Amino acid sequence: MDRLFRGIIKYRNTDKHLMLDQFVQVKNNPTPKAVFFTCMDSRMIPTRFTKTNVGDMFVVRNAGNIIPHSQHFLDEYTTNEPAALELGCVVNDIRHIIVCGHSDCKAMNLLYKLRDENFASKDNRRISPLRSWLCTHASSSLEKFHQLEICGYHNPLIFQSETVLRKIVAYIDPDDDFCIEDKLSQVNCLQQMANIASYGFLKRRLERHQLHIHALWFDIYTGNIYYFSRQNKRFIDINEKTVEMLSNEVKKYYS
């Protein structure tokens, strides 16, 4: 807490007045452009690595950057994530949803261990909210990853896209640059796109191309950020050589 207090004093002496000016600018007409779902990992600082600022994004964080499938929204029992989707995309008419996973994700590392039936047993879930959260809402990611294991890592996975007739074809780490758990993290990231598309209150916007879902993946050890390219069917490193190509793809695909 002492470190936080001293950090607040530093903020008061350096950034406070700049932020207040920015708050005044967006006070009456904030126009956020994206709802950004990412992990609660302390190493993930999305506003820093995207260079976004006050009023630019709604940011939602949890263990594993998971958005529960709409099948879990029963009898008015729900979680924070669907409410955030409604607040952002319906109430505030935000047009872009971004799911951002990352390497060495502790939630994904645990999810990989939950393939063990004893480790994932109901008794163990009763004493671990984290295991229960993952078993309930990330089991579909684990099932997709199991398909990858069975079919071979160089074969593509098929994910449900924004509409029933649209699919996402994805090659997961075809160059074999990442460990098993990181491959699972990328699978999980793409599965959340399908989970988002399952919500009925987003259906019309998705069908009319008024709402778009994207996937990013952050490698915390290199600092590189990857964008899932539907054209290339894989995560592509965003750098000086690829940024124009990715930008053009987004303009073409989402126009």
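Structure's up top.
Quantities reported herein were computed from a predicted structural model and do not represent experimental measurements. (Residues numbered from 1 in each chain as written. Predicted model: local features only at pLDDT ≥ 70, side-chain atom pairs only at ≥ 80, totals over all residues. Heavy atoms only, no water.)

**A few points about the sheet that holds strand β2 (residues 57-62)**
Judged by pairing direction, the sheet is mixed, and its 6 strands sit side by side in the order β2-β1-β3-β6-β7-β8 without closing on themselves. Looking at which strands have only one partner, the edges of the open sheet turn out to be β2 and β8 (234-237). Between one strand axis and the next, the sheet turns by 25 degrees as a mean value, whatever way the strands run. As judged from the 7 bridges shared by strand β3 (residues 96-102) and strand β6 (residues 212-218), these two strands associate in the parallel manner. Its bridge partner being in β6, Gly101 is matched across the sheet by Trp217. (Pairing = 2+ DSSP bridges. Helix = DSSP H or I, 4+ residues; strand = E, 2+ residues; numbered from the N terminus. Axes fitted to C-alpha atoms, helices over the stretch in contact; angles between N-to-C directions.)

**Considering the packing of helix α4 (residues 80-91) against helix α10 (residues 200-207)**
For any two helices packed against each other, the geometry comes down to the angle between their axes and how far apart the axes lie. Across the interface, α4 lies against α10 with an axial gap of 10 Å and an inter-helix angle of 40 degrees. By the angle between their axes, α4 is oblique relative to α10. In this structure, the crossing between α4 and α10 has a hand that is left-handed. Judged by residue contacts, Pro82, Leu85, Glu86, Cys89 and Val90 of α4 engage Phe201, Leu202 and Arg205 from α10. The residue makeup of the contact of α4 with α10, split by class, is 6 nonpolar, no polar and 2 charged. (Parallel < 35°, antiparallel > 145°, perpendicular 65-115°, else oblique. Left-handed = near helix turned anticlockwise from the far one by under 90°. Contact = heavy atoms within 4.5 Å. Nonpolar A, V, L, I, M, F, W, Y, C, P; charged D, E, K, R; others polar.)

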